[in-house]
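# Observations on the model geometry
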Amino acid sequence: MKPQRIPDLRPDEMDDRQRALFDAIAGPRGGVVRGPFAIWLRHPDLVEKANEFGNHLRDDTSLSKRLSELAILVTARFWGASYEWFAHEGQAAAAGVPRDVIEAIRSGGEPRLEDPEAAIVYEVSREIYRSKEIPDETYRRGIEILGQTRMIDLVAILGFYTMVAMTLNAFNAPLPEDASDPFAHDTGRKR
């Protein structure tokens, strides 16, 4: 495991604004600020906007929680973002993503998705990461199945959680001590 590049702020290191932001972020997260938010807390303007946008994507998009969490897992897997996977695997299961689908994504396999909405969310997510665009046929099916608003929300979720994954990976954000790295046995992994 690589050393953490930006240590978490201690309470005595926070100014009043950072303390207020810490409290606002920690509230819905069980009283803790970890992962990207712990890093971004050193940049109050950024963490404030990221928290606002993240809350919107978590609670107020047209995608169901199940579809959103599916897209987040594909993102975490693509980036090899262990903390992001750790933070969302349980949420995905609680939202109704089947355990065999979660495991297939984690291990780099192809999940069996019989639900057309879940299948197109996976396909759009995979294709945008694989080819950096959505092929015309995939886009057409995405619009047909999800509609324009949910396609826009899906791409926004992929973009935000890519930013999260990049932050986690760039600054070597650690997993909690009691968590194991979900990608530790990947061959060729650089983390």
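Above this text sits the structure in question.
Residues numbered from 1 in each chain as written. Predicted model: local features only at pLDDT ≥ 70, side-chain atom pairs only at ≥ 80, totals over all residues. Heavy atoms only, no water.

## Section: the pattern of salt bridges
Summed over the entire model, instances satisfying the criterion amount to 19 salt bridges. Between Glu89 and Arg99 there is a salt bridge, with the nearest N and O atoms lying 3.5 Å from each other. Here Glu89, found in helix H5 (residues 82-94), pairs with Arg99, found in helix H6 (residues 99-106); they are 10 residues apart in sequence, far enough to count as distant. Take Arg99: its relative accessible area is 52%, and that puts it in the exposed class. A salt bridge links Arg126 to Glu110; its shortest N-O distance comes to 2.7 Å. Here Arg126 is found in helix H7 (residues 116-131), whereas its partner Glu110 is found in the loop between H6 and H7, with 16 residues between them in sequence. (Salt bridge = Lys/Arg side-chain N within 4 Å of Asp/Glu carboxyl O. Helix = DSSP H or I, 4+ residues; strand = E, 2+ residues; numbered from the N terminus. Buried < 20%, exposed > 50% of the residue type's maximum accessible area, 1.4 Å probe, protein only.)

## Description of the packing of helix H1 (residues 16-26) against helix H3 (residues 44-59)
A pair of packed helices can be characterised by two numbers: the angle between their axes and the separation between those axes. Packing of H1 against H3 brings their axes to within 10 Å, and their N-to-C directions diverge by 20 degrees. Considered as vectors, H1 and H3 are oriented roughly parallel to each other. In this structure, H1 crosses over H3, and the sense of that crossing is left-handed. For the pair H1 and H3, the contacting residues are Arg17, Gln18, Leu21 and Ile25 in the first and Pro44, Asp45, Val47, Glu48 and Asn51 in the second. Counted by class, the contact of H1 with H3 contains four nonpolar, two polar and three charged residues. (Axes fitted to C-alpha atoms, helices over the stretch in contact; angles between N-to-C directions. Parallel < 35°, antiparallel > 145°, perpendicular 65-115°, else oblique. Left-handed = near helix turned anticlockwise from the far one by under 90°. Contact = heavy atoms within 4.5 Å. Nonpolar A, V, L, I, M, F, W, Y, C, P; charged D, E, K, R; others polar.)

## Considering the layout of surface pockets
One number sums up the size of the largest pocket: a volume of about 430 Å³. Along its surface, the largest pocket is lined by 18 residues, and Arg29, Phe37, Ala87, His88 and Gln91 are the ones closest to its centre. Mapped by element, the contributors of at least two residues to the lining of the largest pocket are helix H2 (35-40), H3, H5 and helix H9 (148-170). No other element matches the six residues that H5 contributes to the lining of the largest pocket. Looking at the lining of the largest pocket residue by residue, the classes come out as 11 nonpolar, three polar and four charged. (1 Å grid on protein atoms, 1.4 Å probe; cavity = no way out; pocket = protein on both sides within 12 Å on 5 of 7 lines; lining within 4 Å. Points joined across faces, edges and corners; volume = space filled by probe spheres on them.)

Function cannot be inferred from these measures alone, as they are strictly geometric.
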